[in-house]
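Below are the chains, spelled out letter by letter.
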Amino acid sequence: MADKEIGSLTAATDPPPDAALVHIVEGGNSRQTTIGKILSKAGGGVIDLSSPMEAATTYNSSATWTKATDLPAGCNLMMVEIWGGGGGGGRGTSDAGGGGGTYARYFVDPTNCNTTETVTIGAGGAAQTVSNTDGNAGSDTSFGDLLGEGGGGGGNNNGNGGGNNVVLQHNINSSVNTDEGTTGSILHTNYEHLFFIEGGGRGEDDIAGTGRRYAGAGGGGANGGTAGGTSTYGGDGGAGNNAGAGTAGTQPGGGGGAGTTEGAAGGNGRVKVSYFEV
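How each quantity is defined
Residues numbered from 1 in each chain as written. Predicted model: local features only at pLDDT ≥ 70, side-chain atom pairs only at ≥ 80, totals over all residues. Heavy atoms only, no water. Helix = DSSP H or I, 4+ residues; strand = E, 2+ residues; numbered from the N terminus. Buried < 20%, exposed > 50% of the residue type's maximum accessible area, 1.4 Å probe, protein only. Contact = heavy atoms within 4.5 Å. Areas by Shrake-Rupley, 256 points an atom, 1.4 Å probe, with all protein chains shown as cover. Core = buried A, V, L, I, M, F, W, Y, C linked by side-chain atoms within 4.5 Å. Phe/Tyr/Trp six-rings, centres within 6.5 Å; stacked < 30°, edge-to-face > 60°. Lys NZ or Arg CZ within 6 Å of the ring centre and 35° of its normal. Pairing = 2+ DSSP bridges.

A. Region of interest: the overall build of the protein chain. From N to C terminus, the protein chain includes 1 helix and 14 strands. Sorting the 278 residues of the protein chain into buried and exposed places 54% on the buried side. Put simply, of all contacts in the protein chain between residues at least 6 apart along the chain, 60% involve residues at least 24 apart. Within the structure as shown, the protein chain displays about 10,800 Å² of accessible surface, and the carbon and sulfur contribution to it stands at 46%.

Right under this line is the structure:
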């Protein structure tokens with residue numbers, strides 16, 4: 001359904017019949033604002049997503065989530081945020097930076113989680129040392145088999161770095177824009193829990209990498225040594241270099257900068273888990 005602009009919300013009547021959670025945005029387009037709040041239809045209350053029960057758990061390397069020890073008492077809603085690994089930059093005088101890793105946000109009922117869930121952090125695309133060669137794609141990041149996230153594509157020789165420009169919000173609106181990004185993958189093993197997704201920023205060959213709000217930003221190109229894009233919540237793209245090696249993208253999911261002597265690596269992915277009581 002489309003965004004609804006209203007002065008107040010009532011849990012029993014305002015969400016659509018199939019909606020368990022509704023995203024509340026306080027001013028502006030929902031795709032451009034901060035995480036905001038959600039309305040729980042079942043609980044009837046507004047949940048401030050910036051105020052979890054306790055500090056969120058951030059995974060910067062692969063690990064195991066264990067329900068018995070990691071789930072706080074009383075928690076009945078988990079917000080899982082995932083960043084894919086950023087693509088590496090290409091090597092060559094006209095090569096582009098790597099695309100940023102995609103960002104996805106999920107809401108999960110902890111009772112649907114297994115006793116343990118495997119957290120796999122996708123690696124950023126490796127540095128490219130072969131002359132006139134495309135950058136390497138970033139890897140997928142996942143939280144168990146409920147969740148998966150595609151890494152940003154590697155920078156292409158002679159322009160057009162990888163990464164997907166996708167904005168989708170479950171129960172609110174969805175759009176898939178194809179004007180940016182060529183080779184980044186998007187993988188989701190369970191759309192039921194998917195609430196919001198933003199594709200990684202595009203790597204460029206002769207202008208700065210595309211910035212993002214949540215996803216990883218794209219890397220800069222070797223042609224002119226352009227800057228990498230910036231991201232508010234994801235990783236920044238690395239700068240390109242027309243007389244040497246590009247600069248690596250930062251975690252989570254920043255695309256690597258292209259270079260004439262080496263295309264830089266993309267930033268690794270990340271998983272962040274926040275806990276709420278509805």
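There's more to say after this.
B. View of the environment of Gly255. Relative to the helices and strands, Gly255 is located in the loop between strand 13 (194-198) and strand 14 (270-276). For Gly255 and Asp236, which are 19 residues apart along the polypeptide, the C-alpha to C-alpha distance reads 7.2 Å. Excluding residues that lie within four positions of it along the chain, Gly255 makes contacts with Gly87, Gly98, Gly99, Gly100, Ala217, Gly218, Gly219, Asp236, Gly237, Gly238, Gly249 and Gly266.

C. Geometry of the nonpolar core. Formed by 17 residues in total, the largest nonpolar core has its most connected members in Trp65, Met78, Val80, Phe143, Val271 and Val273. Of all the secondary-structure elements, those providing two or more residues to this core are strand 6 (77-83), strand 7 (103-108) and strand 14. Ignoring sequence-local partners within four residues, the contact set of Phe143 consists of Trp65, Met78, Val80, Ile82, Glu117, Thr118, Val119, Val271 and Val273. Formed by 12 residues, the second largest nonpolar core is a distinct cluster that contains Phe195, Tyr214, Ala215 and Phe276.

D. Spotlight on the packing of aromatic side chains. Counted under the stated rule, the structure contains 4 aromatic pairs. Aromatic ring contacts, followed pair by pair, group Trp83, Tyr103, Tyr214 and Tyr233 into a single cluster. When the ring centre of Tyr214 is taken as origin, the NZ or CZ atom of Arg105, which lies over that ring, is 5.2 Å away.

E. Examining the pairing of strand 7 more closely. Of all 6 residues in strand 7, 6 are buried; the element is thus mostly enclosed. Burial along strand 7 is two-sided: Tyr103, Arg105 and Phe107 and Ala104, Tyr106 and Val108, pointing in opposite directions, are all buried. Bridge count for strand 6 against strand 7 is 6 bridges, and the pairing is antiparallel. Paired with Trp83 across the strands is Tyr103, a residue of strand 7.

F. Local environment of the environment of Ala68. By the element assignment, Ala68 lies in helix 1 (residues 67-70). Once the C-alpha coordinates of Ala68 and Thr115 are considered, the two residues, 47 residues apart in sequence, prove to be 7.3 Å apart.

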